[in-house]
Amino acid sequence: MIDPKNITGIILAGGKSSRMGREKGLILLDGKPFIQHSIDALRPLVNTILIVSSNADYDAFGVTRVEDIIIESGPLAGLHSGLTHSKTEHNLVISCDVPLVTTKFLKKLLSYEKEDYDIIQFEAEGKSIPLIALYKKQCADRCQELLANGERRLRKLVSAVKTKTITVLEKERLLVTNMNTVEDLKTITNAIDH
Ligand SMILES: Nc1nc2c(ncn2[C@@H]2O[C@H](COP(=O)(O)OP(=O)(O)OP(=O)(O)O)[C@@H](O)[C@H]2O)c(=O)[nH]1
């Protein structure tokens, strides 16, 4: 397992939340904002947490906030900024809209560290999940090159570097639920209430 002092937690929260209609990271689930769920899941595994967003409302969470260096360019640019600001080789990256992710689940990403991958990500039902993943800081340079070429697709980064993909178990599927719409929120609120 990697020492927490060698890992930074990076939470991407700089999106437009246009499908949800309000700032996703601030939505309450079980009385706690999504972003606080992410902070709590990361906290035991890392010494430093960075929120990547231009929204100063996130300053209320007592965590360092950094802004995108390349603006209006989506999650790849958020990742670029987070990795550029990070002072550690290893970086646990999550989006702010997966509030059911747990520490135990994230720990799985840390167990392959000796194999020297640039990215260790999950996949579920044939779809990769690069926004719940472990990244080497050196990926920042590749992000920058891609963005400079007008590329915004995270999967272009994933396919360009040494990547390990771990399949999410059936019983873990709920944990990676991505909340993009009010419907998603209703479905999940019902699922965890029952
Ligand atoms: N820092 C940063 N994060 C971003 C950016 N775009 C998206 N994200 C984050 O990346 C994750 C996935 O974003 P999406 O759900 O694809 O996009 P979104 O803009 O948040 O939502 P929609 O407007 O509904 O597409 C979320 O945690 C976003 O906050 C960006 O330009 N900068």
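Residues numbered from 1 in each chain as written. Predicted model: local features only at pLDDT ≥ 70, side-chain atom pairs only at ≥ 80, totals over all residues. Heavy atoms only, no water.

1. Quick word on the site of the ligand
This is how the line gets drawn: One heavy atom within 4 Å of a molecule or strand makes the whole residue count as near it. Within 3.5 Å is the distance limit for a polar contact, defined as a pair of N or O atoms, with the added protein rule that one can donate a hydrogen and the other accept it, and that residues adjacent in sequence qualify only through two side-chain atoms. To be clear on the numbers: accessible area is Shrake-Rupley with a 1.4 Å probe, and residue cover counts the displayed protein chains and nothing else. Residue type decides the class: Asp, Glu, Lys and Arg count as charged, Ala, Val, Leu, Ile, Met, Phe, Trp, Tyr, Cys and Pro as nonpolar, and the leftover types, Gly among them, as polar.
In the neighbourhood of the ligand, 19 residues make up the surrounding shell, with Leu12, Lys16, Ser18, Lys24 and Asp68 lying closest. Contact distances for the ligand include 2.8 Å between an oxygen atom and a side-chain N or O atom of arginine 19. With respect to the ligand, the side chain of asparagine 180 contributes an N or O atom lying 3.3 Å from an oxygen atom. Expressed as a share of its isolated accessible area of 610 Å², the protein-covered part of the ligand is 85%. Looking at the shell around the ligand, its residues break down into six nonpolar, eight polar and five charged.

2. A closer look at the nonpolar core
Heads up, the rule is: Here, nonpolar core refers to any group of buried Ala, Val, Leu, Ile, Met, Phe, Trp, Tyr and Cys residues whose side-chain atoms link them within 4.5 Å. The rule is simple: take the accessible area with a 1.4 Å probe, protein chains only, and divide by the maximum for that residue type; under 20% is buried, over 50% is exposed, in between is partly exposed. Put simply, DSSP marks the helices as runs of H or I at least four residues long and the strands as runs of E at least two long, and each gets a number from the N terminus on. Only heavy atoms matter for contacts: two residues are in contact if any of them lie within 4.5 Å across the pair.
Ile11, Ile35, Leu92, Leu106 and Ile132 are the most contacted members of the largest nonpolar core, which has 34 residues in total. Only β1 (7-12), α1 (34-42), β4 (48-52), β6 (90-95), α3 (103-110), β7 (119-124) and β8 (127-136) provide two or more residues apiece to this core. Excluding residues within four positions of it along the chain, isoleucine 11 makes contact with Ile35, Ser38, Ile39, Leu42, Ile49, Leu50, Ile51, Val52, Ile94, Ser95 and Cys96. Grouped together as the second largest cluster of nonpolar side chains are 23 residues, Ile10, Leu146, Leu147 and Leu157 included.

3. As for the pairing of β8
The following threshold applies: Two strands pair if DSSP finds at least two bridges between them.
Across the ten residues of β8, eight count as buried, placing the element largely inside the fold. Bridging between β6 and β8 involves five bridges; their strand directions are antiparallel. Bridging from a neighbouring strand, valine 93 pairs with alanine 133 of β8. With six bridges joining them, β7 and β8 adopt antiparallel strand pairing. Within the sheet, the bridge partner assigned to alanine 124 lies in β8 and is lysine 127. If you look at the hairpin formed by β7 and β8, you'll find two residues sitting between the two strands, and glutamate 125 has a positive phi there, around 50°.

4. Looking at α1
By the criterion of burial, α1 is predominantly enclosed, with seven of the nine residues buried. Taken residue by residue, α1 has Phe34, Ile35, His37, Ser38, Ile39, Ala41 and Leu42 as its buried positions.

5. Regarding the UniProt feature "binding site: GTP" (unreviewed entry) in the chain
This is how it is decided: UniProt positions are given in the numbering used here, feature names are shortened, and annotations may be inferred rather than shown by experiment.
Mapped onto this structure's residue numbering, the UniProt feature "binding site: GTP" (unreviewed entry) falls at Leu12, Ala13, Gly14, Lys24, Asp68 and Asp97. Within the secondary structure, lysine 24 sits in the loop between β1 and β2 (28-29). With a relative accessible area of 10%, lysine 24 lands in the buried category. Not counting residues within four places of it along the chain, the set of residues in contact with lysine 24 comprises Ser17, Phe34, Cys96, Asp97, Met179 and Asn180.

6. Some remarks on the pattern of salt bridges
Quick note on the threshold: Salt bridges are defined as contacts in which a side-chain nitrogen from Lys or Arg sits within 4 Å of a carboxyl oxygen from Asp or Glu.
This structure, assessed with the given rule, holds 14 salt bridges. For aspartate 3, the salt bridge identified is with lysine 5, shortest N-O distance 3.0 Å. The class of aspartate 3 is partly exposed, set by a relative accessible area of 33%. Each of the salt bridges in this network shares a partner with another, and the network as a whole consists of Asp59, Arg65 and Glu67.

7. With respect to the UniProt feature "binding site: Mg(2+)" (unreviewed entry) in the chain
When the UniProt feature table is mapped onto this chain, "binding site: Mg(2+)" (unreviewed entry) is found at Asp97. Following the sequence through the fold, aspartate 97 ends up in the loop between β6 and α3. Those residues within four positions of aspartate 97 in sequence are excluded, and the remaining contacts are Lys24, Phe34, Thr177, Asn178, Met179 and Asn180. At a separation of 2.7 Å, a polar atom in the side chain of aspartate 97 contacts the side chain of serine 95.

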